[in-house]
Amino acid sequence: MNLDAETLSDRDFRRMQDLIGGECGIDLAASKRVMLEARLKRRARAVGAASLAAYCDFVQRPEGRAREWDSLVDAVTTHKTDFFREPAHFDYLADHAVPMLADTSGAGTRRPLQLWSAASSTGEEPYTLAMVLSECAAAMPRHDYRFHIEATDISTAVLETARRGVYPETAVEPVPLELRRRYLLRSKDRTKHLVRVSPQLRHQVTFRPLNLMDQDYHFDEPLDIVFCRNVMIYFTRPKQQTILQHIVSHLRVGGYLMMGHSESLNGLDLPLEQVTPTVYRRRDV
Ligand SMILES: C[S@@+](CC[C@H](N)C(=O)[O-])C[C@H]1O[C@@H](n2cnc3c(N)ncnc32)[C@H](O)[C@@H]1O
């Protein structure tokens, strides 16, 4: 069978929908079939499978799953992200959430502010948060503002990129010049056109793998702020309800949840009140 000419059979499409939907929550609707076929072909070639059907058989078997799972997850997930993506959230963070949480619960001042970037992709979102919070810290009168950022993603490949913290110069264009000077280092070899996030900023973010479908997210402390942006769009409504309920259970009363601009919580039953478009606050239940 020639892989190039092969199409994904109905049976294999359903098997992959069940596998990916069941394990990762990602809804592979019929409209995603062509994209899925192309990405599975890439993986089939990489592992030397003779056909798409053979690759689908391979990942259904425990030994195949163990070897191929991370690459399959990486292939079926979308990792688009940017520094300062949807910038209104970072303004809201600095101008409202940080002062409000410091006043009402001593977050950052009496104890470290706890922030989670759920589905952090290649790191641009948590590093943006680290820059913004570092600026808030520098502006505090006593300079003893403390914060901790936990960044998670299901894909181990994007987490590796995030931990390295090396990006093409073009990727950091949305970062204001002043912050670029303070928190980003140009590579010694200028012809490479790369920048590296400063060690100080890298130390402020902890990356770890986490599947939002997991039963236990392993947080020791309640969270003050969760950025959960541009990932819920991949889940069905019932899964969004379950996952968001789980996320919100880790949020302190009065804590903030930021969602992507195309993600609506309308119709979901969650203990949240909207404070501004796509920004929510946990209320008492
Ligand atoms: C489009 S990116 C969003 C990145 C960032 N939050 C932003 O808004 O720029 C979506 C990320 O969600 C991750 N993802 C998909 N399903 C997931 C799951 N079940 N658990 C955790 N992360 C998941 C993908 O690996 C991907 O990196």
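Below is a short write-up of the structure.

Cut-offs used in this document
Residues numbered from 1 in each chain as written. Predicted model: local features only at pLDDT ≥ 70, side-chain atom pairs only at ≥ 80, totals over all residues. Heavy atoms only, no water. Helix = DSSP H or I, 4+ residues; strand = E, 2+ residues; numbered from the N terminus. Rg over C-alpha atoms; globule rule 2.2 N^0.38 Å. Buried < 20%, exposed > 50% of the residue type's maximum accessible area, 1.4 Å probe, protein only. Contact = heavy atoms within 4.5 Å. Areas by Shrake-Rupley, 256 points an atom, 1.4 Å probe, with all protein chains shown as cover. Pairing = 2+ DSSP bridges. Right-handed = clockwise from strand over helix to strand, strands pointing away. Salt bridge = Lys/Arg side-chain N within 4 Å of Asp/Glu carboxyl O. Near = heavy atom within 4 Å. Polar contact = N/O pair within 3.5 Å; in protein donor to acceptor, adjacent residues only side chain to side chain. 1 Å grid on protein atoms, 1.4 Å probe; cavity = no way out; pocket = protein on both sides within 12 Å on 5 of 7 lines; lining within 4 Å. Sits in = over half its atoms within 2 Å of the grid points. Nonpolar A, V, L, I, M, F, W, Y, C, P; charged D, E, K, R; others polar. Axes fitted to C-alpha atoms, helices over the stretch in contact; angles between N-to-C directions. Parallel < 35°, antiparallel > 145°, perpendicular 65-115°, else oblique.

## As for the overall build of the chain
So, point 1. Check the secondary structure of the chain and you find 10 helices and 10 strands.
So, point 2. For 285 residues, the compact-globule estimate of 2.2 N^0.38 gives 19 Å, and the chain sits close to it at 21 Å.
So, point 3. Counting only C-alpha atoms, the chain reaches 70 × 55 × 30 Å along its principal axes.
So, point 4. Across the 285 residues in the chain, those meeting the buried criterion constitute 51%.
So, point 5. Residue pairs in contact within the chain that sit at least 24 positions apart in sequence constitute 73% of those at least 6 positions apart.
So, point 6. With the model as given, the accessible surface of the chain reaches about 13,900 Å², and the carbon-plus-sulfur share is 51%.

## Focus: the pairing of strand 7 (residues 223-228)
So, point 1. For strand 7, the buried fraction is high: 6 of the 6 residues fall into the buried class.
So, point 2. In the sheet, strand 1 (residues 113-118) pairs with strand 7 via 3 bridges, with the strands oriented parallel. The residue of strand 7 that forms the bridge with Ser117 is Phe227.
So, point 3. Strand direction decides the pairing type here: strand 7 and strand 8 (residues 251-259), joined by 5 bridges, are parallel. When the bridges of strand 8 are listed, Ile225 appears paired with Tyr256.
So, point 4. Between strand 7 and its parallel partner strand 8, the chain crosses via helix 10 (residues 237-249), and the hand of that crossover is right-handed.

## So, the pattern of salt bridges
So, point 1. With the rule as written, the count across this model stands at 16 salt bridges.
So, point 2. As a salt-bridge pair, Asp10 and Arg33 come within 2.8 Å of each other at their nearest N and O atoms. Pair noted here: Asp10 is in helix 1 (residues 10-24) and Arg33 is in helix 2 (residues 33-47), with a separation of 23 residues, a long-range link.
So, point 3. You can call Arg33 partly exposed: its relative accessible area is 24%.
So, point 4. Residue Arg182 pairs with Glu178 through a salt bridge whose shortest N-O separation is 2.7 Å. One end of the pair, Arg182, and the other, Glu178, are both in helix 8 (residues 177-183), 4 residues apart, so they sit about a helical turn from each other.
So, point 5. We classify Arg182 as partly exposed; its relative accessible area is 40%.
So, point 6. Salt bridges sharing partners connect three or more residues here, namely Glu135, Glu178, Arg181 and Arg182.

## Here's the deal with the pairing of strand 10 (residues 279-282)
So, point 1. Taking every second residue as pointing to the same face, both faces of strand 10 are buried, with Val279 and Arg281 on one and Tyr280 and Arg282 on the other.
So, point 2. Pairing geometry for strand 8 and strand 10, over 3 bridges, is antiparallel. In the strand pairing of strand 10, Tyr256 is matched with Arg281.
So, point 3. Where strand 9 (residues 272-276) lies against strand 10, 4 bridges are found, and the strand directions are antiparallel. Looking across to strand 10, one finds that Thr276 is bridged to Val279.
So, point 4. Count of turn residues in the strand 9/strand 10 antiparallel hairpin: 2 residues, of which Thr278 carries a positive phi of about 65°.

## Brief notes about the site of the ligand
So, point 1. For the ligand, the set of nearby residues contains 22 residues, the closest of which are Cys24, Thr81, Arg85, Asp153 and Asn230.
So, point 2. At 2.8 Å, a backbone N or O of Cys24 approaches a nitrogen atom of the ligand.
So, point 3. The contact in question runs from an oxygen atom of the ligand to an N or O atom on the side chain of Thr81, over 2.6 Å.
So, point 4. Burial of the ligand by the protein chains amounts to 99% of its free accessible area of 610 Å².
So, point 5. One can see that the ligand is located within the largest pocket.
So, point 6. For the shell around the ligand, the class distribution of residues is 9 nonpolar, 8 polar and 5 charged.

## Section: the side chain of His246
So, point 1. Relative to the elements of secondary structure, His246 occurs in helix 10.
So, point 2. There is a polar contact of 3.5 Å between the side chain of His246 and the backbone oxygen of Asp214.
So, point 3. Contacts of His246, omitting those with residues within four sequence positions, involve Asp214, Gln215, Asp216 and Tyr217.

## Overview of the packing of helix 3 (residues 52-60) against helix 4 (residues 62-76)
So, point 1. Where helix 3 meets helix 4, the closest approach of the two axes is 6 Å, and the angle between their N-to-C directions is 105°. Compared by their axis directions, helix 3 and helix 4 come out roughly perpendicular. Residues Tyr55, Phe58, Val59 and Gln60 of helix 3 form the contact with helix 4, whose own contacting residues are Pro62, Gly64, Arg65, Arg67, Glu68 and Leu72.
So, point 2. Residues belonging to the contact of helix 3 with helix 4 are distributed by class as follows: 5 nonpolar, 2 polar and 3 charged.

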